[in-house]
Amino acid sequence: MSRRRRRCLVSAPALALLIASAGCSSADEAVKAAVPTPDGKVTELCRNLDKQLPKKVDGLGRADPEPKSELTAGWGDPAIILRCGVARPSEMNNPEADGVTADGVNWLIEEQDDGSFRFTSTLRKAYVEVTLPKERAGSGVSPLTDFAAPVKKSIPKGIA
């Protein structure tokens, strides 16, 4: 049997499966992010934020993590991940904690053990968390400027 005939014997569903699985590796797996479970008021603020989020962050296109939720969003690969409605980080109790202000939004900075950075908004009615993978740590806080206008528009000042 020639090669051509062997290719013709593959059914359409099998061919689709072969194409879908070709070159797949753990790097091709969907990015996952835990979905926060805030109360109803915070959930509504987060849904409003989701509608305002940019299509691009730091030049990276939006590619939301799994499972799909209005409380999570992602950009690029490796992904910058945003989660809205997270619990207040205990590090906010530390008067020595590092922080930064990006275009009028205050953020707590926490370097993670894996070299990534987690930023959590402060003094807002909902906590918004942005995680920069270690591969993007060199961009500093520049991605936070892309989130400033949507956060200011959607999440009122105050204490959650």
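Summary of the structure given here. Since the structure is predicted, the reported quantities are computational estimates derived from the model, not experimental observations. (Residues numbered from 1 in each chain as written. Predicted model: local features only at pLDDT ≥ 70, side-chain atom pairs only at ≥ 80, totals over all residues. Heavy atoms only, no water.)

### Some remarks on the state of the cysteines
Defined as follows: Any pair of cysteine sulfurs within 2.5 Å is marked as a disulfide. In DSSP terms, a helix is any run of H or I states spanning at least four residues, a strand is any run of E spanning at least two, and both are numbered starting from the N terminus. Only protein chains enter the accessibility calculation, which uses a 1.4 Å probe. A residue is then buried if its area is under 20% of the maximum for its type, exposed if over 50%, and partly exposed in between.
Counted by the stated rule, this structure contains one disulfide. The side chain of Cys-46 participates in a disulfide bridge whose partner is Cys-84; the two sulfur atoms lie 2.1 Å from each other. Note on the Cys-46 and Cys-84 pair: the S-S dihedral is about -75°, so by sign convention the disulfide is left-handed. You can see Cys-46 sitting in helix α3 (residues 40-52) and its partner Cys-84 sitting in strand β4 (residues 80-84), a full 38 residues away along the chain. Of the two residues, Cys-46 and Cys-84, both sit in the buried class.

### Looking at helix α4 (residues 142-154)
Cut-off, in case you're wondering: Values of bend correspond, residue by residue, to the angle between axes fitted over the seven residues ending at that residue and the seven starting there.
Maximum bend of α4: about 35°, positioned at Ala-148, with proline Pro-150 one to four residues after it. For α4, the set of buried residues is Pro-143, Leu-144, Phe-147, Ala-148, Pro-150, Val-151 and Ser-154.

### Observations concerning the pairing of β4
Selection rule: A pair of strands is treated as paired once DSSP finds two or more bridges between them.
Summarising burial for β4: five of the five residues are buried, a large majority. Of the two faces of β4, the one holding Ile-80, Leu-82 and Cys-84 and the one holding Ile-81 and Arg-83 are both buried throughout. Here strand β3 (residues 72-75) runs beside β4; their pairing, made up of four bridges, is antiparallel. Bridge pairing in β4 places Trp-75 opposite Ile-80. Linkage of β3 to β4, two consecutive antiparallel strands, is achieved through a turn of four residues, within which Gly-76 is found at a positive phi near 80°. The pairing of β4 with strand β8 (residues 128-132) spans four bridges and is antiparallel. Among the inter-strand pairings, Cys-84 is bridged to a residue of β8, identified as Val-128.

### A short note on the nonpolar core
Keep this limit in mind: Take the buried Ala, Val, Leu, Ile, Met, Phe, Trp, Tyr and Cys residues and link them wherever side-chain atoms come within 4.5 Å; each set so joined is a nonpolar core. Residues count as neighbours in contact if any of their non-hydrogen atoms are within 4.5 Å of one another.
The biggest cluster of nonpolar side chains holds 26 residues, and the ones touching the most others in it are Leu-49, Trp-75, Leu-82, Trp-107, Val-130, Phe-147 and Ile-155. Elements supplying a minimum of two residues to this core: α3, β3, β4, β6 (105-111), β8 and α4. What Leu-49 contacts, discounting residues up to four positions off in sequence, is Leu-82, Cys-84, Val-128, Pro-150, Val-151, Ser-154 and Ile-155.

### Comments concerning the packing of α3 against α4
Put simply, the rule is: Only the stretch in contact is used when fitting a helix axis, every axis being a line fitted to C-alpha atoms; angles between N-to-C directions are given from 0 to 180 degrees. Note: crossing handedness is left-handed where the near helix turns anticlockwise from the far helix by less than a right angle, and right-handed where it turns clockwise.
Across the interface, α3 lies against α4 with an axial gap of 9 Å and an inter-helix angle of 145°. Crossing of α3 against α4: the hand is right-handed. In contact with Leu-45, Asn-48, Leu-49 and Gln-52 of α3, α4 contributes Pro-150, Val-151, Lys-153 and Ser-154.

### Thoughts on the pattern of salt bridges
We apply this condition: We define a salt bridge as a side-chain nitrogen of Lys or Arg found within 4 Å of a carboxyl oxygen belonging to Asp or Glu.
Taken as a whole, this structure holds six salt bridges when the rule is applied. For Arg-47, the salt bridge identified is with Glu-70, shortest N-O distance 2.9 Å. Remark: Glu-70 occurs in the loop between β2 (60-61) and β3 and Arg-47 occurs in helix α3; sequence separation between them is 23 residues. The exposure class assigned to Arg-47 is partly exposed, which follows from its relative accessible area of 37%. What makes Glu-70 partly exposed here is its relative accessible area of 39%.

Just distances and angles here, no functional claims.
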